[in-house]
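# Working through the structure, step by step
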Amino acid sequence: MKITFPLMGNMYIALKAVFEELGAEVIIPPKCNKRTLELGTLHSPELICIPFKITLGNYLESIEKGADTLFMWGGSDPCRIGYYNMIQEEILNTLGYDIEMICGEPFKNLKEIKSFLNKLSKVSNTSNYFKLLPAFIKGIKLIYEIDEFDDLVIKTRPREMIKGEVDKLYSKFEEEVNGAKGYKETLNIIRKKKEELKNVLIDKNKQVIRIGIVGEIYTVLEPYINLDIIKKLGNMGVEVHRSVTSSEFIKEQIDFLPFINSNKEEVHRAAEPYLNTEIGGHARHTIGNTVLYSEKDFDGVIHLLPFTCMPEIVAQSILPTIEKEKNIPVLKLILDEMTGEAGYSTRIEAFVDLLQRKKEAYTQ
Ligand code: SF4
């Protein structure tokens, strides 16, 4: 069995290690690129959201490299994510590929965790929970470690004394982590790089602009689709905070367990005056986190959404009210395969410039 999965930011590092722990051969799709999107778009329904197209492109590129088993997250949201795996499987079968699709559903109780472990047993050829459960826990641990590492990168980049040092370290990290095998080697590399990051010289007193990123999870986490916005902003001297991360997403799935606390309740409470029901995706989080960023004195918020994303379109229509009531500037960026980098960068630069001038005026 040669297993693959779609890319969504750094989540692949943990998935790769888990499947390797379970004894599977893992094929990582090439980093998302123009060809990935073109391939995916060519075989996708025209008006489907862009994450569908890119992830289908990931599969096609992995199948070219020999993958025969595909792993995908499903969902029961009132949006299209719940159908992704079925439609993608059908498209790939129509194209003549003989593949098996394994779909993990979000967990809401112990029974669903058990059913997920049963799906993992297809990968490992064992139904022994003493082997499956530790691999699952190690995967979650790695997701946490990677997010901690990424948060440190985000905090260090705008304050680095030698320009480009963090980016150089990050490229080295990607190279080493891709060459690692299994949990232990992967964990050691993340920890080693975290220590190296702590040694990067920074200007501790630098006054930086703080921007919160809200929006649909895939567009927030996958640098190809958001044109590397987090790195771009960091190199412009902006400290970014991602309102959705893989670790927080996992935490929210398992916070029915007594020792796990997620931010979900706090975010939903903040969103309540504007949106008090679930409409799918991360729309409720977009609203709640924008309110929370305004209360935490962030300078601005950037809202990322894929073109035709139903839940985020609703959130987008509510954000101008919050912008006015909470006095926090919000920049909306809609992403699709037609997004041009030059225009996109200009809008971000103009927004940062506006926030900088606003901050200076306020300080004076
Ligand atoms: S959240 Fe938006 S982009 Fe994601 S699957 Fe749903 S509709 Fe598509």
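Residues numbered from 1 in each chain as written. Predicted model: local features only at pLDDT ≥ 70, side-chain atom pairs only at ≥ 80, totals over all residues. Heavy atoms only, no water.

### Points about the packing of aromatic side chains
Where we set the bar: Ring pairs are drawn from Phe, Tyr and Trp, using the six-membered ring of Trp, whenever the two centres fall within 6.5 Å, and their geometry is named by plane angle: stacked under 30 degrees, edge-to-face over 60, tilted for the rest. By the criteria applied, helices consist of DSSP H or I runs no shorter than four residues and strands consist of E runs no shorter than two, each listed in order from the N terminus. Relative accessibility thresholds used throughout: buried, under 20% of the residue-type maximum; exposed, over 50%; partly exposed, between the two (1.4 Å probe, protein chains only). By definition, being over a ring means that NZ of Lys or CZ of Arg is both within 6 Å of the ring centre and within 35 degrees of the ring normal.
One pass over the structure, following the stated rule, counts seven aromatic pairs. Ring geometry for Phe-19 versus Phe-71: centroids 5.5 Å apart, planes at 70 degrees, classification edge-to-face. With Phe-19 in helix H1 (residues 11–21) and Phe-71 in strand E3 (residues 69–73), the pair connects residues that are 52 residues apart, well separated along the chain. On the basis of an interplanar angle of 55 degrees and a centroid distance of 4.6 Å, the ring pair of Tyr-293 and Phe-298 is categorised as tilted. Tyr-293 gets classed as buried once you look at its relative accessible area, which sits at 3%. Residue classification places Phe-298 among the buried residues on the basis of a relative accessible area of 12%. One cation-aromatic arrangement involves Arg-210 over Phe-298; the distance from NZ or CZ to the ring centre is 4.1 Å.

### Points about the site of the ligand
Spelled out, the test is: Note on terminology: near, applied to a residue and a molecule or strand, indicates that one of the residue's heavy atoms is within 4 Å of it. Gly is put with the polar residues, along with every residue not named as nonpolar or charged; the nonpolar set is Ala, Val, Leu, Ile, Met, Phe, Trp, Tyr, Cys and Pro, and the charged set is Asp, Glu, Lys and Arg. Residue ranges assigned to the domains are those given by an automatic or database domain assignment.
Near the ligand you find Cys-49, Pro-51, Cys-79, Arg-80, Ile-81, Tyr-84, Glu-216, Gly-281, Pro-306, Cys-309, Met-310 and Pro-311, and these make up its full shell. Listing elements by their share of the shell around the ligand, those giving two or more residues are helix H4 (81–94) and helix H14 (310–326). Within the shell around the ligand, the residues separate by chemical class into nine nonpolar, one polar and two charged. Each of two domains, domain 1 (2–136) and domain 2 (208–363), supplies a minimum of three residues to the shell around the ligand.

### Notes on the domain arrangement of the chain
Accessible area lost on assembly of the parts is the figure often given for the size of an interface. Formally: Residue contacts follow a heavy-atom distance rule, with two residues in contact if any of their heavy atoms lie within 4.5 Å. For any pair of parts, buried area is found by adding up, for both, the accessible area (1.4 Å probe) each one loses once the two are put together.
Here the chain is partitioned into domain 1 (2–136) and domain 2 (208–363). Taken over C-alpha atoms, the centre of domain 1 sits 26 Å from the centre of domain 2. Each partner contributes to the interface: domain 1 provides 28 residues, whereas domain 2 provides 26 residues. Of the roughly 2200 Å² buried at the junction of domain 1 and domain 2 (both faces included), carbon and sulfur atoms supply 70%.

### Let's talk about the UniProt feature "domain: DUF2229" (unreviewed entry) in the chain
Applicable threshold: UniProt positions are given in the numbering used here, feature names are shortened, and annotations may be inferred rather than shown by experiment.
In the numbering used here, UniProt assigns the feature "domain: DUF2229" (unreviewed entry) to residues 8–72. The span residues 8–72 is 55% helical and 9% strand by assignment, and the distance between its end C-alpha atoms comes to 11 Å.

### Some words on the pattern of salt bridges
Rules: By convention in these notes, a salt bridge is any Lys or Arg side-chain nitrogen within 4 Å of a carboxyl oxygen on Asp or Glu.
A full pass over the atoms with the stated rule returns 29 salt bridges. For Lys-194, the salt bridge goes to Glu-145, with nearest N and O atoms at 3.1 Å. Of this pair, Lys-194 sits in helix H8 (residues 182–198) while Glu-145 sits in helix H6 (residues 129–156), and the two are 49 residues apart along the sequence. Given a relative accessible area of 11%, Lys-194 falls into the buried group. The closest approach of N and O atoms between Arg-242 and Asp-147, which form a salt bridge, is 3.6 Å. Note that Arg-242 is positioned in strand E6 (residues 238–242) and Asp-147 in helix H6, a separation of 95 residues in sequence. Classification of Asp-147 as buried rests on a relative accessible area of 6%.

### Remarks on the environment of Ile-140
Position of Ile-140 among the secondary structure elements: in helix H6. On the accessibility criterion, Ile-140 (15% relative accessible area) is buried. Sequence separation between Ile-140 and Gly-280 is 140 residues, and the spatial gap between their C-alpha atoms is 24 Å. When neighbours within four sequence positions are excluded, Ile-140 is seen to be in contact with Ile-250 and Ile-254.

### Here's the deal with the nonpolar core
Stated precisely, the cut-off is as follows: As used here, the term nonpolar core means buried Ala, Val, Leu, Ile, Met, Phe, Trp, Tyr and Cys residues forming a set that is joined through side-chain atoms within 4.5 Å.
In terms of nonpolar packing, the biggest core is built from 79 residues, with Phe-19, Ile-211, Ile-229, Leu-233, Ile-302 and Leu-304 touching the most fellow members. Per element, the largest residue contribution to this core is 10 residues, and it comes from H6. Lining this core are residues from two domains, each supplying at least three of them: domain 1 (2–136) and domain 2 (208–363). Residues within four places of Phe-19 in sequence aside, it is in contact with Ile-3, Phe-5, Ala-24, Val-26, Phe-71, Leu-120 and Val-123. One finds Ala-283, Phe-298, Ile-318 and Ile-328 within the second-largest nonpolar core, a separate group that totals 19 residues.

### Some details on the sheet that holds strand E1 (residues 2–4)
Put simply, the rule is: Here, a strand pair is defined by DSSP locating no fewer than two bridges between the strands. Axes, fitted as lines to C-alpha atoms, cover a helix only where it is in contact. Angles between the N-to-C directions of the axes lie from 0 to 180 degrees.
Read across the sheet, four strands follow the order E2-E1-E3-E4 without closing on themselves; strand pairing throughout is parallel. On the outer flanks of this sheet lie strand E2 (25–26) and strand E4 (100–104), each paired with one strand and no other. Pairing of E3 with E4 involves five bridges; the strand directions are parallel. Across the sheet, the residue bridging to Met-72 is Cys-103, located in E4. Its contacts with the sheet put helix H3 (residues 50–64) on E1, E3 and E4, and the angle it makes with E3 is roughly 160 degrees. Lying on the sheet, helix H5 (residues 110–124) is in contact with E1, E3 and E4; it crosses E4 at an angle near 150 degrees.

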